[in-house]
Amino acid sequence: MSILGVSLVLFILGLLGWIVINANKLGQYFKENVEVRVYLRENITPKDSVALVQYIANKPYVKEYTYVTKEDARKKFIADGNDDWKNIMDANPLPASIDFKLRNQYVHIDSLTAIAADLEQNIGVNDVQYPRALIDNLNKNVQKISMILLIVAIVLCIVVIILIDNTIRLAMFSNRFLIKTMQMVGATRGFIAKPMDVRAIINGAISGVIALAGIFALIIFSEQQLPELKAMRDITWLVLLGAGIILLGILISLLSTHRSVVKYLKMKLDDLY
């Protein structure tokens, strides 16, 4: 029952960890889909446009880019539900552009302002546009959600530690007379505590493994119901989460068990009743 109780608490903590990981990945996904458009001048030569494309492509903040010709811009304009202007005018008024998406760490107003200022110095660039209001709201919402999840995680960690500690102490309560009897016949503190500490490590590891099995089963089920979750799967963070759950189960079980043993060794025999 002690193992199952600890497993359940670790499962809840691991579930929150998975939600936090997905929330961070989701925020990163939205940020990396913010698009910046660099509109080229009408009189730019093909050589200069190729050089400008190469210049932007080599920038560290560019995740991916697309060169949109004037004809591509016209087709996209019509595809968006607008009427073709060929019956009204002969020339295509839409400029060519270089559309690129930013890496997560550069999606901030300050960074984008500096990026736009740098690109606008190029003689082939007519204008640089990006969704300023969207980026500002996105960063604010991501910060709010991250702060809320952080507070919830801290509170839950404290609750988990208290619950596991109480569970272990209740389990050790039934061994209080055995501990005291071993002390009374001359056993040292280390001799008494060692086998119980070893058992605590094993039980903590088993609890962590059971909790992880439940978490990964839930992850697999969730990804089957929502295939979009697979795109946000981060193996590195999931491995760290699993290692953290097992390590937390071992440490809390060990510390709680050892503290209980020391507590009962220090108590007088009459106080055990």
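Residues numbered from 1 in each chain as written. Predicted model: local features only at pLDDT ≥ 70, side-chain atom pairs only at ≥ 80, totals over all residues. Heavy atoms only, no water.

## A few points about the overall build of the protein
Moving on, step 1. On a plain count of helices and strands, the protein comes out with nine helices and four strands.
Moving on, step 2. Starting at the N terminus and ending at the C terminus, the protein contains elements arranged as α-β-α-β-α-β-α-β-α-α-α-α-α.
Moving on, step 3. The C-alpha radius of gyration of the protein comes to 30 Å, more than 25% above the 19 Å expected for a compact globule of 273 residues.
Moving on, step 4. A buried classification covers 35% of the 273 residues belonging to the protein.
Moving on, step 5. Of the contacts made within the protein by residues no fewer than 6 positions apart, 81% connect residues no fewer than 24 positions apart.
Moving on, step 6. Of the charged side chains in the protein, 29 are positive and 24 negative; the average position of the first set lies 14 Å away from that of the second. (Helix = DSSP H or I, 4+ residues; strand = E, 2+ residues; numbered from the N terminus. Rg over C-alpha atoms; globule rule 2.2 N^0.38 Å. Buried < 20%, exposed > 50% of the residue type's maximum accessible area, 1.4 Å probe, protein only. Contact = heavy atoms within 4.5 Å. Lys, Arg positive; Asp, Glu negative; His and termini not counted. Charge placed at Lys NZ, Arg CZ, Asp CG, Glu CD.)

## Here we look at the sheet that holds strand β1 (residues 35-40)
Moving on, step 1. Taken in spatial order, the four strands line up as β2-β3-β1-β4 in an open sheet, and their pairing is antiparallel. Because the sheet does not close on itself, it has two edges, and the strands there are β2 (62-68) and β4 (125-129). With direction set aside, neighbouring strand axes in the sheet form an average angle of 20°.
Moving on, step 2. With five bridges joining them, β1 and strand β3 (residues 97-102) adopt antiparallel strand pairing. In the strand pairing of β3, R37 is matched with D99.
Moving on, step 3. Lying over the sheet, helix α2 (residues 46-57) contacts β1, β2, β3 and β4, oriented at roughly 160° with respect to β2. (Pairing = 2+ DSSP bridges. Axes fitted to C-alpha atoms, helices over the stretch in contact; angles between N-to-C directions.)

## Focus on the layout of surface pockets
Moving on, step 1. Reported here for the largest pocket is a volume of approximately 300 Å³.
Moving on, step 2. V20, I21, N24, K25 and W237 are, among the 15 residues lining the largest pocket, the residues nearest its centre.
Moving on, step 3. Grouping the constituent residues of the lining of the largest pocket by class yields six nonpolar, six polar and three charged. (1 Å grid on protein atoms, 1.4 Å probe; cavity = no way out; pocket = protein on both sides within 12 Å on 5 of 7 lines; lining within 4 Å. Points joined across faces, edges and corners; volume = space filled by probe spheres on them. Nonpolar A, V, L, I, M, F, W, Y, C, P; charged D, E, K, R; others polar.)

## Notes on the UniProt feature "transmembrane region" (unreviewed entry) in the protein
Moving on, step 1. Taking the UniProt record as the reference, the feature "transmembrane region" (unreviewed entry) is found at residues 145-164, 200-220 and 235-257.
Moving on, step 2. Annotated as residues 145-164, this span is 100% helix and 0% strand, and its ends, taken at the C-alpha atoms, are 28 Å apart.
Moving on, step 3. End C-alpha atoms of residues 235-257 are separated by 33 Å, and the span's content is 100% helix alongside 0% strand. (UniProt positions renumbered as here; feature names shortened; annotations may be inferred.)

## Observations concerning the nonpolar core
Moving on, step 1. I164, I245 and V261 are the most contacted members of the largest nonpolar core, which totals 29 residues.
Moving on, step 2. When contributions to this core are tallied by element, the ones reaching two or more residues are α1 (2-31), α5 (132-173), α7 (189-225) and α9 (235-266).
Moving on, step 3. Setting aside its immediate chain neighbours within four residues, V261 contacts M172, I179, I192, A193 and M196.
Moving on, step 4. If you look at the next biggest cluster of nonpolar residues, it comprises 25 residues, including V36, V53, L119 and L138. (Core = buried A, V, L, I, M, F, W, Y, C linked by side-chain atoms within 4.5 Å.)

## Things to note about the packing of α1 against α5
A pair of packed helices is characterised by two quantities: the angle between their axes and the separation of those axes.
Moving on, step 1. For the pair α1 and α5, interaxial distance at closest approach is 10 Å and the crossing angle is 170°. By the angle class used here, α1 and α5 are roughly antiparallel. (Parallel < 35°, antiparallel > 145°, perpendicular 65-115°, else oblique.)

## Describing empty space enclosed by the protein
Moving on, step 1. Counted according to the given criterion, the structure contains one cavity of 30 Å³ or more.
Moving on, step 2. Approximately 60 Å³ is the volume found for the largest cavity.
Moving on, step 3. Taken together, W18, I21, N22, I219, E223, L229, M232, R233, D234 and L238 form the lining of the largest cavity.
Moving on, step 4. Listing elements by their share of the lining of the largest cavity, those giving two or more residues are α1 and α7.
Moving on, step 5. Broken down by element, the lining of the largest cavity gets its largest block of residues, three residues, from α1.
Moving on, step 6. Of the residues assigned to the lining of the largest cavity, the class counts are six nonpolar, one polar and three charged.

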